[in-house]
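# Results of the structural survey
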Amino acid sequence: MNGVFPVVAEDTTAPQKKVLDVVFIHGLGGDAYTTWQADDDPKKFWPAWLAEDIKNVGVWTVGYGASPTRWVEDEMPMQDRSFNLLHHFSVNKIGEKPFILVTHSMGGLIAKYLLTSAEQENSKKYRKIADNCTDIIFLAVPHNGSELANIFEYARFFVRRNEIVRQLQKDESALRYLANGFKNYVQRKKIQCISYYETKQVRVKKQGLLGLGKIVPFGKMIVSESSAIGNFSQELPVPLDADHISICKINSREDLLYLGMKEIISRRMMNNGLDDGLVDDFDAVITARINELENDTQHIINKMQRVSSERDQLKSECISDYRDVADWLSDNRNVLAERISTKAITNYKSQLNVQKIPKTEEEIEDFQLDVSQFIGQLEVCLLQDSKKIMDEPYFSIGFDVELYETALSYLLERTPDDVSPQSKVRLKYFIDYLIKRI
């Protein structure tokens with residue numbers, strides 16, 4: 001269904017005439033109605049909510065062929081479509097009074113073509129359309145192209161992509177040319193732009209996206225943040241908690257996008273000296289934003305408290321575990337010292353470049369005593385903190401450093417099975433620490 005359709009027919013006999021128009025333009029694969037309704041529920045067609053809530057504003061929805069594949073229909077290129085819609089605007093007298101555009105995806109690009117073309121035409125009606133546009137809402141509009149179009153290009157032999165899909169490819173030269181022309185137009189006319197961008201990836205359901213679920217991968221960001229922000233002179237970028245499909249659908253009149261839309265209309269009408277009856281909505285928008293920030297703040301506080309609690313619990317568990325290891329060292333110090341010393345001496349004798357190892361019975365006893373003192377220091381480290389023994393003198397030993405290091409490494413091998421990995425890491429850390437103090 002092609003054309004521009006009033007959401008609610010204007011009653012010319014009504015005492016309050018329409019003083020501002022709001023025009024919705026859908027994108028690729030969309031249509032004049034389902035694009036703007038959540039859950040495929042006609043009751044959630046939110047342009048109708050605007051028409052109900054703001055009586056002196058005219059609301060229109062645009063329909064045009066936007067199939068991505070020639071299997072369905074071979075559509076007009078965007079430039080031709082924009083001229084076609086420009087004539088529809090003129091016939092329906094859109095542009096004779098101030099108007100706001102709400103665009104989704106490719107609809108935003110068509111709107112840009114429409115306005116820049118209208119400004120350059122000789123027709124006074126067309127130039128008036130360019131002059132009377134006051135605000136544009138861009139919903140996930142690919143100003144620099146879309147990855148989705150690139151995907152269709154890769155699959156062109158299967159989906160028979162048409163001209164508009166080619167034009168949507170990322171970094172398409174025509175889009176760069178359009179962007180430059182539109183930036184100049186926005187600056188000259190002082191158009192207010194709000195660019196909402198998606199922050200979630202599209203999760204394709206069984207019916208697929210645009211009827212082509214096998215082509216679009218699961219979890220795809222259709223329009224990136226960098227492409228959705230046009231970098232216009234008067235632009236407000238706003239992230240929405242939505243994907244490319246849901247970003248233009250609203251479930252409630254309390255939705256931030258809907259409240260923001262009413263605020264834009266109210267501000268525009270007040271700037272034009274018109275009574276909109278929506279002054280209270282400023283408070284509603286501000287209150288909604290404050291509530292959102294308070295909820296975010298509380299969420300952060302709760303998360304910090306949870307992390308702190310988990311950290312304290314883990315610390316308590318580790319301290320308890322360290323004490324168990326220290327008790328094990330204390331209870332078995334002499335036995336451990338004897339066994340790991342003997343093993344170290346036996347293995348160390350077979351190595352080359354041996355300079356000094358215990359050989360006599362007296363030297364062996366001295367070495368075992370040294371190792372026992374090392375184990376005692378490990379107990380201190382585990383129960384307290386290495387920083388508390390930093391002022392103690394360095395260890396004085398009578399044999400090779402490597403021999404002590406070998407003996408203490410065997411101590412790690414003898415730790416009970418129920419010792420936690422954290423405790424083993426801490427024990428290894430303090431063994432290395434004590435070896436460095438020799």
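Keep in mind it's a predicted model, so treat the numbers as computed, not measured. (Residues numbered from 1 in each chain as written. Predicted model: local features only at pLDDT ≥ 70, side-chain atom pairs only at ≥ 80, totals over all residues. Heavy atoms only, no water.)

## Comments concerning the overall build of the protein
Along the protein, the regular secondary structure elements total 15 helices and seven strands. A burial count over the protein gives 48% of its 438 residues as buried. Look at the contacts in the protein between residues 6 or more apart in sequence, and 80% of them connect residues 24 or more apart. Carbon and sulfur atoms provide 49% of the accessible area of the protein, an area that totals close to 23,100 Å². (Helix = DSSP H or I, 4+ residues; strand = E, 2+ residues; numbered from the N terminus. Buried < 20%, exposed > 50% of the residue type's maximum accessible area, 1.4 Å probe, protein only. Contact = heavy atoms within 4.5 Å. Areas by Shrake-Rupley, 256 points an atom, 1.4 Å probe, with all protein chains shown as cover.)

## Thoughts on the side chain of Thr103
The residue Thr103 is located in strand β4 (residues 99–104) in this model. The contact partners of Thr103, leaving out residues within four places of it in the chain, are Ile25, Trp36, Gly108, Ala111, Ile137, Phe138, Leu139 and Val141.

## Overview of a negative patch on the surface
Among the surface-exposed residues, Asp324, Asp327, Asp331, Asp417 and Asp418 lie close enough to one another that they form a single negatively charged patch. Mapped onto the secondary structure, Asp418 falls in the loop between α14 (401–413) and α15 (421–436). With a relative accessible area of 67%, Asp418 lands in the exposed category. (Patch = residues over 30% accessible without salt bridge, like charges linked within 9 Å, V, L, I, M, F, W, Y side chains within 5 Å. Salt bridge = Lys/Arg side-chain N within 4 Å of Asp/Glu carboxyl O. Lys, Arg positive; Asp, Glu negative; His and termini not counted. Charge placed at Lys NZ, Arg CZ, Asp CG, Glu CD.)

## What about α14?
Between its first and last C-alpha atoms α14 spans 19 Å; for 13 residues at 1.5 Å apiece the expected length is 18 Å, and the two agree. Of the residues making up α14, those classed as buried are Leu403, Tyr404, Thr406, Ala407, Leu408, Tyr410 and Leu411. (Expected span 1.5 Å × (residues − 1).)

## What to know about the nonpolar core
Counting 38 residues, the largest nonpolar core has Phe89, Leu101 and Leu115 as the members making the most contacts within it. When residues of this core are traced back to their parent elements, those giving at least two are β2 (20–25), β3 (57–63), α2 (78–91), β4, α3 (106–120), α4 (124–132), β5 (133–139) and α8 (173–189). Looking at this core element by element, the count peaks at eight residues for α3. Core analysis: the next-biggest nonpolar cluster, separate from the first, contains 33 residues, Val22, Leu50, Val57 and Met269 among them. (Core = buried A, V, L, I, M, F, W, Y, C linked by side-chain atoms within 4.5 Å.)

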